[in-house]
Amino acid sequence: MDFLNKNKGTLLIILSTFLYFFFAYFLERTQFNTLLINWFFLFGCFYLLMKTEQLSFKYLAGIAIIFRLIFLFATPNLSQDFYRFIWDGRMLFNGFNPYLYLPETFIQQRNFPIPEAQELYYGMGELNGSHYTNYPPLNQLSFFIAALFTGKSIFWSAVVLRLQIIIADIGILYFGSKLLKNLNLNPKKIFWYILNPFVIIELTGNLHFEPVMLFFLIWSLYKLQQQKWIFAGILLACSVTVKLIPLLFLPLFFQWFVKENKIKGIQKLFGFYAIVITTSLLLFLPFYSLELIENYMNSVGLWFKNFEFNASIYYIFREIGYLFRGYNEIAFIGKALPILTILFLIYLSLFRRNNSFKSIITALLFGLSFYYFTTTTMHPWYLATLILLSVFTKYRFPIVWSLAVILSYQAYANIPWKENLWFVAIEYSIVYGFLIWELKSTSQRSIKI
C-alpha cells in the first residue's frame, strides 16, 4: 500500500499511456462500448493525476506533451474532417481559391486538381464535399503548411497538421499559466485543460484546430489583462480568423474598457473593435471575391438551417414544433436561437458586473455556454473553449461536460449514424445538474474538484 501511494503518479501515467495508445491505433468509433470504457478510465486517471500534489509543473507539462506525441502517427478515428483540411490546403497550394470550389464538382467531372483527390473526397464524405469550405484564412494557412511540406501523402499531411496543434497547445500552456499567475491563481490549474483526455483525444488525436484558435485567444486575453489592448486586438483577430466563435466575445469587453473613464474607455473600446474587424478583413482579403461572400455565408448558414447534432434546448423546441406544426421547424428555430444568444450577451455586457478580469472571463464562459446550450449543432470539439475559460473561474461544469460528451458518440455506433436521444438526454442531465449545483454552491463557497 505504501508503494502504491508513493508511486501513484507513475502508475497513473503508465496506465494512461497504454490507454491513449490503444485509443490512437486500435479503436474505431463504431466500437461504442469499448470507447466508453476507455474514456472513463482515462478521466479517472486524469482526475487522480490532478489531485497528486507532489507532481511539479514541469513534470506535468512533459507528460502532457508525451501523451500528445502518442497520437503523432495515428490516423484520426473519431472524425473525418481532416480530409477536408488537407483538400483545402492542397487546393491553395495548387493555386485555387478553396472558397470558390466544391470538391464534389471536381469528382463528378472526373477532374482531379490535386494529388489523391479521390481518396480525400471519399474520406471527407459526400456531405462535407457538397458544401463550400467554412474555415477562415489563418486556418487555411495551417492547411497550406501541410500541403507545402507533404503535398502528396495524406498520412504525412496529418502528421504536419498534428504538430501544429501540439505546438499551439504548448503556447496555451505558456500563456495560460502566465495569465493564471497574473490573476493570483495557481498556474497548475492550466492542466485541467492541458491534461484533459477530451482535449488530447478530440483535438490532438482528431485534428480539430481549436488549440490554434485558443492559443491566439489566450495570448490576447493575457495582453488585454496587461492593458496592451492594441496588440490584444490583433491577436483576437488572429483567433477569429482560425475559428469565428471569438466574435461572440466582443460585446463582453465593454465594462473592462469603461470601468475607469467612460469617455476614454469607449474610445479605446471602439478602437479595439476596429482593430479586430480591420485585421480580420485584411486576413480575408487575399481570398476576396463576390463569390467568396456568398459561398461562405451559405456554408455558415447551414449550421443554423440544416445541421442537427447533440443539441439540448433546440431539440426541445424541435419537438414542440413537431407537436404543433407537424414538421421540423429548424429553418425558423435555427434563426431565432442566435437572436436569443445576442440578447443574452447584451445582458451580460450591460447588467452584469464585469469590471475585474476574472469576472470578464466568467462572462465569456457563460456567454459561450448559452450559445452552445441553444445551438442546433453541438460537436464535441466545440467544448475546448469552455474548458480553457473555466480554468480561470470557479466553475467546473465544462470539465464534467467533457466527460459526459462521449455519450454523443453513440450515434456513430450505427451505420449510417443515428442519434439515440436517450443518450443525449443523459448527457445534458449530467451537465445541467452539475451546473445548477455549482450555481447554487458558488453563492456560499468556492468550488474545488
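For the structure, check the block above.
Note that the structure is a prediction, hence the values are computed from the model and not measured. (Residues numbered from 1 in each chain as written. Predicted model: local features only at pLDDT ≥ 70, side-chain atom pairs only at ≥ 80, totals over all residues. Heavy atoms only, no water.)

Visitor: What am I meant to see in the overall build of the protein chain here?
Guide: Broken down by element type, the protein chain carries 23 helices and zero strands. Its C-alpha atoms give the protein chain a radius of gyration of 22 Å, within 12% of the compact-globule value 22 Å for 449 residues. Each principal axis of the C-alpha atoms in the protein chain carries an extent, and together these give about 65 × 65 × 50 Å. Residues counted as buried form 58% of the 449 residues belonging to the protein chain. Counting only contacts in the protein chain whose residues sit at least 6 apart along the sequence, the fraction spanning at least 24 positions is 76%. (Helix = DSSP H or I, 4+ residues; strand = E, 2+ residues; numbered from the N terminus. Rg over C-alpha atoms; globule rule 2.2 N^0.38 Å. Buried < 20%, exposed > 50% of the residue type's maximum accessible area, 1.4 Å probe, protein only. Contact = heavy atoms within 4.5 Å.)

Visitor: What is the right way to look at the nonpolar core in this model?
Guide: Soluble globular proteins tend to pack their nonpolar side chains together in the buried interior. Judged by nonpolar contacts, the single largest core of 146 residues is most densely connected at Tyr193, Phe253, Phe272 and Trp401. Contacts of Tyr193, omitting those with residues within four sequence positions, involve Asp169, Ile172, Val199, Leu203, Pro211, Leu214, Ala384, Ile387, Leu388 and Val391. (Core = buried A, V, L, I, M, F, W, Y, C linked by side-chain atoms within 4.5 Å.)

Visitor: Explanation requested: the packing of helix α9 (residues 137–149) against helix α10 (residues 154–182) in the structure shown.
Guide: In the contact formed by α9 and α10, the axes pass within 9 Å of each other and the chain directions differ by 135°. If you check the angle between α9 and α10, you find them oblique. α9 and α10 meet at a crossing whose hand is right-handed. On α10, the residues that touch Ser142, Phe143, Ile145, Ala146 and Phe149 of α9 are Ser157, Val160, Leu161 and Gln164. Of the residues belonging to the contact of α9 with α10, the class tally is six nonpolar, three polar and no charged. (Axes fitted to C-alpha atoms, helices over the stretch in contact; angles between N-to-C directions. Parallel < 35°, antiparallel > 145°, perpendicular 65-115°, else oblique. Left-handed = near helix turned anticlockwise from the far one by under 90°. Nonpolar A, V, L, I, M, F, W, Y, C, P; charged D, E, K, R; others polar.)

Visitor: I keep staring at the packing of aromatic side chains and nothing clicks. Help me out?
Guide: Two numbers describe a pair of aromatic rings. These are the distance of the centres and the angle of the planes. Considering all chains together, one arrives at 59 aromatic pairs under this definition. Centre to centre, the rings of Phe46 and Trp192 are 5.5 Å apart; their planes meet at 85°, and the pair counts as edge-to-face. Here the residue Phe46 occupies a position in helix α3 (residues 32–50), and Trp192 occupies one in helix α11 (residues 191–194), the gap between them amounting to 146 residues. Given a relative accessible area of 4%, Phe46 falls into the buried group. (Phe/Tyr/Trp six-rings, centres within 6.5 Å; stacked < 30°, edge-to-face > 60°.)

Visitor: Explanation requested: the packing of α3 against helix α12 (residues 197–205) in the structure shown.
Guide: Packed helix pairs are specified by the crossing angle of their axes together with the interaxial distance, meaning the distance between the axes. At a minimum axis separation of 9 Å, α3 and α12 run at an interaxial angle of 130°. When the axis of α3 is compared with that of α12, the two are oblique. Residues Trp39, Leu42, Phe43 and Phe46 of α3 touch α12, and the partners they reach there are Pro197, Phe198 and Ile201. Per-class residue counts for the contact of α3 with α12 are seven nonpolar, no polar and no charged.

Visitor: What exactly am I supposed to notice about the environment of Leu235 here?
Guide: Mapped onto the elements, Leu235 comes out in helix α14 (residues 229–240). With near-sequence residues (within four places) excluded, Leu235 lies in contact with Phe216, Trp219, Ser220 and Lys223.

Visitor: Before we go on, may I ask you to explain α12 in this structure?
Guide: Owing to its 3.6 residues per turn, the α-helix aligns residues three or four sequence positions apart on the same side. Most of α12 is tucked away, with nine of its nine residues classed as buried. Capping of α12 at its N-terminal end is provided by Asn196; its side-chain oxygen lies 2.8 Å from the backbone amide nitrogen of Phe198. Where α12 ends, the next residue or the one after it, Leu207, has phi of about 65°, a positive value. (Polar contact = N/O pair within 3.5 Å; in protein donor to acceptor, adjacent residues only side chain to side chain.)

Visitor: Help me understand helix α7 (residues 117–124), please; the structure alone is not making it clear to me.
Guide: Restricting attention to buried positions, one finds in α7 the residues Ala117, Leu120, Tyr121, Gly123 and Met124. Within α7, the buried residues cover an arc of 165° as seen down the axis, which keeps them to one side. The inward-facing, buried residues of α7 abut α5 (81–93), α6 (103–108), α8 (126–129) and α10. Just past α7, the residue Gly125 takes up positive phi, approximately 90°. (Arc of directions from axis to C-beta.)

Visitor: Sorry if this is basic, but what is going on with the side chain of Ser349 here?
Guide: Inspection of the secondary structure puts Ser349 in helix α19 (residues 330–351). Owing to a relative accessible area of 4%, Ser349 belongs among the buried residues under this scheme. In this structure, Ser349 is in contact with Pro251, Leu252, Phe254, Gln255 and Asn354, ignoring residues within four places of it in sequence.

Visitor: In this structure, what is going on with the pattern of salt bridges? I would like to understand it.
Guide: The full count for this structure, using the stated rule, is six salt bridges. Across the pair Arg68 and Asp169 runs a salt bridge whose closest N-O atoms are separated by 3.0 Å. With Arg68 in helix α4 (residues 57–69) and Asp169 in helix α10, this pair connects stretches of sequence that are 101 residues apart. The class of Arg68 is buried, set by a relative accessible area of 2%. For Asp88, the salt bridge identified is with Arg84, shortest N-O distance 3.1 Å. With Asp88 and Arg84 both in helix α5 and four residues apart, this pair spans about one turn of that helix. (Salt bridge = Lys/Arg side-chain N within 4 Å of Asp/Glu carboxyl O.)

Visitor: Is there a simple way to think about the side chain of Thr133 in this case?
Guide: Mapped onto the elements of the fold, Thr133 is located in the loop between α8 and α9. According to the relative accessible area criterion, Thr133 is buried, its value standing at 2%. At a separation of 2.5 Å, a polar atom in the side chain of Thr133 contacts the side chain of Asp88. Of note is the side chain of Thr133, whose polar atom sits 3.5 Å from the backbone nitrogen of Tyr135. Those residues in contact with Thr133, other than ones at most four positions away along the chain, are Arg84, Asp88, Pro98, Tyr99, Gln140, Tyr296 and Ser299.

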